[in-house]
Amino acid sequence: MSAENARRNVRILTWIGFATGIIGGVLIAFPKVIDLASPWVQLALGVATLVLAFRARKIGIAEIEGFDGRLSLAAALLGFLVVFFAGQAAFGILVAVANA
């Protein structure tokens, strides 16, 4: 893969990762938007954010000379936050169902 093609792929993956992370964050802030499915959608968005961010980092480190991966690292951290908070909500729902 050429360096320019790798830069383009890293940019696309990073920004799509940020978008999924932000959507997951909005669902964490407003969980009643999609009601009971919200934690599961948040978990899916968080995992997607992590996959996209780490894929961008992998391509950047392997293909781009002098790669500065701070932006993709920030997207990965956002993904971890979304997974953490969504996991808490999903666990709460599972506990409530188990104790019913």
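Our subject is the structure that appears above.
Let me sum up the structure you'll find in this document. (Residues numbered from 1 in each chain as written. Predicted model: local features only at pLDDT ≥ 70, side-chain atom pairs only at ≥ 80, totals over all residues. Heavy atoms only, no water.)

1. A look at the packing of helix α1 (residues 3-29) against helix α3 (residues 70-98)
- One way to put it is that α1 packs onto α3 with a least axis distance of 9 Å and a crossing angle of 30°. Relative to α3, the element α1 is oriented roughly parallel. For the crossing formed where α1 meets α3, the hand is left-handed. Where α1 abuts α3, its residues Thr14, Trp15, Phe18, Gly21, Ile22, Gly24, Gly25 and Ile28 lie against Leu71, Ser72, Ala74, Ala75, Leu78, Leu81, Val82, Phe85 and Ala86.
- Classifying every residue of the contact of α1 with α3 by side-chain character gives 12 nonpolar, five polar and no charged. (Axes fitted to C-alpha atoms, helices over the stretch in contact; angles between N-to-C directions. Helix = DSSP H or I, 4+ residues; strand = E, 2+ residues; numbered from the N terminus. Parallel < 35°, antiparallel > 145°, perpendicular 65-115°, else oblique. Left-handed = near helix turned anticlockwise from the far one by under 90°. Contact = heavy atoms within 4.5 Å. Nonpolar A, V, L, I, M, F, W, Y, C, P; charged D, E, K, R; others polar.)

2. Observations regarding the pattern of salt bridges
- Following the criterion strictly, the structure yields one salt bridge and no others.
- Taking the shortest distance from any N to any O, the salt bridge between arginine 70 and aspartate 68 comes out at 2.7 Å.
- Judged by its relative accessible area of 61%, arginine 70 is exposed. (Salt bridge = Lys/Arg side-chain N within 4 Å of Asp/Glu carboxyl O. Buried < 20%, exposed > 50% of the residue type's maximum accessible area, 1.4 Å probe, protein only.)

3. Comments concerning α1
- Between its first and last C-alpha, α1 extends 38 Å over 27 residues, near the 39 Å set by a 1.5 Å rise per residue.
- Every buried residue belonging to α1 is among Ala6, Asn9, Val10, Leu13, Thr14, Gly17, Phe18, Thr20, Gly21, Gly24 and Leu27, and all of these are buried.
- The elements touched by buried residues of α1 are α2 (38-63) and α3. (Expected span 1.5 Å × (residues − 1).)

Function cannot be read off these values alone, since they describe shape.
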